[in-house]
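# Residue-level structural notes
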Amino acid sequence: MPNIMPTPDVALIEFFKNNEVFAGLFNGYFFNNEPVIKASELEPGDTAYADTIKINDRKHKFKTEKIKKYRDNIRRTSIGYLVILGIEDQNTIHYSMPVRKILYDALGYSSELSALGNIRDKTEWTVDEYLSNVRKGTKITPIITVVFYTGEDPWDGPRSLHDMMDIDEKIKPFVPDYPLYIIDIGHDKDLLFSNKELNDLKETLSSIYANTFDKNESMVDSSIFALSGVLARNKELYFQAIESKGGEQP
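Being a predicted model, the structure only gives us computed values, none of them experimental. (Residues numbered from 1 in each chain as written. Predicted model: local features only at pLDDT ≥ 70, side-chain atom pairs only at ≥ 80, totals over all residues. Heavy atoms only, no water.)

### Overview of the pattern of salt bridges
Quick note on the threshold: Just to be clear on terms, a salt bridge is a Lys or Arg side-chain nitrogen sitting within 4 Å of an Asp or Glu carboxyl oxygen. Only protein chains enter the accessibility calculation, which uses a 1.4 Å probe; a residue is then buried when its area is under 20% of its type maximum, exposed when over 50%, and partly exposed in between.
Applying the stated criterion to the full structure yields four salt bridges. Among the ionic pairs, Arg135 bridges to Glu129, the shortest N-O distance being 3.0 Å. On the basis of relative accessibility, which here comes to 9%, the residue Glu129 falls in the buried class.

### A closer look at the side chain of Asp200
Using the following cut-off: Helix and strand assignments come from DSSP, with helices taken as H or I runs of at least 4 residues and strands as E runs of at least 2, each series counted from the N terminus. In what follows, a contact means two residues having at least one pair of non-hydrogen atoms within 4.5 Å.
For Asp200, the location among the structural elements is in helix 5 (residues 196-209). Setting aside chain neighbours within four positions, we find Asp200 in contact with Met219, Val220 and Ile224.

### What to know about the environment of Asn73
Checked against the element boundaries, Asn73 lands in strand 4 (residues 73-78). As for Asn73 and Glu14, which are separated by 59 residues in sequence, their C-alpha atoms are 9.6 Å apart. Other than its neighbours up to four places away in sequence, Asn73 contacts Leu12, Ile13, Phe16, Phe22, Leu85, Gly86, Ile87 and Asp89.

### Some words on the side chain of Glu129
For clarity, the threshold we go by: Here a polar contact is recorded for every N or O atom pair within 3.5 Å, except that within protein the pair must consist of a potential hydrogen donor and a potential acceptor, and residues adjacent in sequence are included only if both atoms are side-chain atoms.
Turning to its location among the elements, Glu129 is positioned in helix 4 (residues 127-132). A distance of 3.0 Å separates a polar atom in the side chain of Glu129 from the backbone nitrogen of Lys136. Filtering out sequence-adjacent residues up to four positions away, Glu129 remains in contact with Glu124, Val134, Arg135 and Lys136.

### Looking at the packing of aromatic side chains
What counts, and what does not: Put simply, two rings from Phe, Tyr or Trp (the six-membered ring, in Trp's case) pair if the centres are within 6.5 Å, and we call them stacked under 30 degrees between planes, edge-to-face over 60, tilted for the rest. Note on criteria: charge over ring means Lys NZ or Arg CZ within 6 Å of the ring centre, with the direction from the centre no more than 35 degrees off the ring normal.
Summed over all chains, the structure comprises twelve aromatic pairs. Each ring, one from Phe30 and one from Phe31, has its centre 6.1 Å from the other, and the planes form 50 degrees; the classification is tilted. Overall, the relative accessible area of 29% leaves Phe31 in the partly exposed class. Both rings, one in Tyr149 and one in Trp155, keep their centres 5.2 Å apart while their planes meet at 75 degrees; by these two values the pair is edge-to-face. Given the relative accessible area of 7%, Trp155 is considered buried. Three or more aromatic residues joined by ring pairs form one cluster here, namely Phe15, Phe16, Phe22, Phe26, Tyr29, Phe30, Phe31, Phe148 and Tyr181. Across the ring face of Phe22, the terminal group of Arg75 is positioned such that the distance to the ring centre comes to 4.6 Å.

### Structural notes on the nonpolar core
As a reminder of what qualifies: By nonpolar core we mean a set of buried residues, namely Ala, Val, Leu, Ile, Met, Phe, Trp, Tyr and Cys, connected to one another through side-chain atoms within 4.5 Å.
If you look at the biggest cluster of nonpolar residues, it comprises 38 residues, and the most contacted ones within it are Phe15, Phe16, Leu25, Phe26, Phe148, Ile183 and Leu201. Sorting the residues of this core by element identifies helix 1 (8-15), helix 2 (19-30), strand 5 (82-90), strand 6 (143-149), helix 5, helix 6 (222-231) and helix 7 (235-243) as the ones contributing at least two each. For this core, the leading source of residues is helix 6, giving six residues. Dropping the residues within four chain positions of it, Leu201 is found in contact with Phe15, Phe148, Ile224, Leu227, Ser228 and Leu231. Of all hydrophobic cores here, the second largest spans six residues; its members include Met97, Val147, Tyr149 and Ile182.

### Describing helix 7
Three or more residues of helix 7 are buried, namely Leu237, Tyr238, Phe239 and Ala241. The N-capping residue of helix 7, defined by a side-chain oxygen 3.2 Å from the backbone nitrogen of Glu236, is Asn234.

### As for helix 3 (residues 97-117)
The cut-off we apply is this: How far a helix is expected to stretch is found by multiplying one less than its residue total by 1.5 Å.
The terminal C-alpha atoms of helix 3, which comprises 21 residues, lie 30 Å apart, in line with the 30 Å expected from a rise of 1.5 Å per residue. Along helix 3, the positions that sit buried rather than exposed are Met97, Pro98, Lys101, Tyr104, Asp105, Leu107, Gly108, Ser110, Glu112 and Gly117.

### Structural notes on the packing of helix 5 against helix 6
Heads up, the rule is: Here, axes are lines fitted to C-alpha atoms. For helices the fit covers the stretch in contact, and angles between N-to-C directions go from 0 to 180 degrees. Oblique is the label for any angle not under 35 degrees, not over 145, and not in the 65 to 115 range, which are roughly parallel, roughly antiparallel and roughly perpendicular in turn. The sense of a crossing depends on the near helix, which, turned anticlockwise from the far helix by less than a right angle, makes the crossing left-handed and, turned clockwise, makes it right-handed. When residues are grouped by polarity, Ala, Val, Leu, Ile, Met, Phe, Trp, Tyr, Cys and Pro land in nonpolar, Asp, Glu, Lys and Arg in charged, and all others, Gly among them, in polar.
Two elements in contact, helix 5 and helix 6, have axes separated by 9 Å at closest approach and are oriented at 45 degrees. The angle between helix 5 and helix 6 places the two elements in the oblique class. In the packing of helix 5 onto helix 6, the handedness of the crossing is right-handed. Here Glu197, Asp200, Leu201, Thr204, Leu205, Ile208 and Tyr209 of helix 5 lie close against helix 6, whose contacting residues are Ile224, Phe225, Leu227, Ser228 and Leu231. In the contact of helix 5 with helix 6, the residues fall into eight nonpolar, two polar and two charged.

Here is the structure:
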C-alpha cells in the first residue's frame, strides 16, 4: 500500500485518462449532457506547446526567448471539424487565469501553424504564403479550454479578461474580451453530469467542503473517495479509501 498521497495534478491527469469522464465533462458543462462529444472519437493530443517570441529588452533592444507551456489534458475529436479539448486542472484560485488561458490557447494555435508550415517542398508556394509560412486558406483547429477548479474556497477570481480591467465604457466595445470557462466542481450546485464518476466526485467534494460528509449516505466507488481525499488534502480519507481495495462506500 502506498504511504504517500499523490498530488492533485497527478491524480486528476489519471482520472481524466478515462475518455468517458473526459467527454462527460464537456457534454455536461457546454451541452446540457447531450452527447455532442463522443468518448469513442477522442484521441490524445500533444500536451506541450512551445514557441519563440521577441521580448523588448532595454539592454539588447530585442531578445529572442523560447517559451514552453504544458496543458494537463488534451484530446482531439471530430464533430464536423476538428476540435482540441483542453482541461487545466487548478486547485488554488489563480487571479490571472484569463491571461494564462490566452497564452496557452495562442501557443496551441501557433504550434499547429508551425506544424502545418513545416513541409520541405514549398516550390508552388507564393511569396505571401512563404512569408506567412502557411498556404492561403489554411484552417486551424478550434481550442476549447476549461478550468477544472477543485479548491476548498469558492472561485472568486476573474471569469473573463474584461474582469481584470478597469476599462472605460467608451472603449470597452473595442477591447476584445476572452471568457474563462470555470467548473467549480466543489461548489456549483446547478451543475449536473450524466457521467457517474464526475457526479459522484462533485457530490463528495461538495459534502467535504460543506462539512456534511459524515451525513452523506450515497454509495460511491472508493476510487472517487480516494480522489476526493487528494483534492481536499485529506490524507485520512485518501488512505481509508485505498485500504478498502475497491468497491463502493457510503
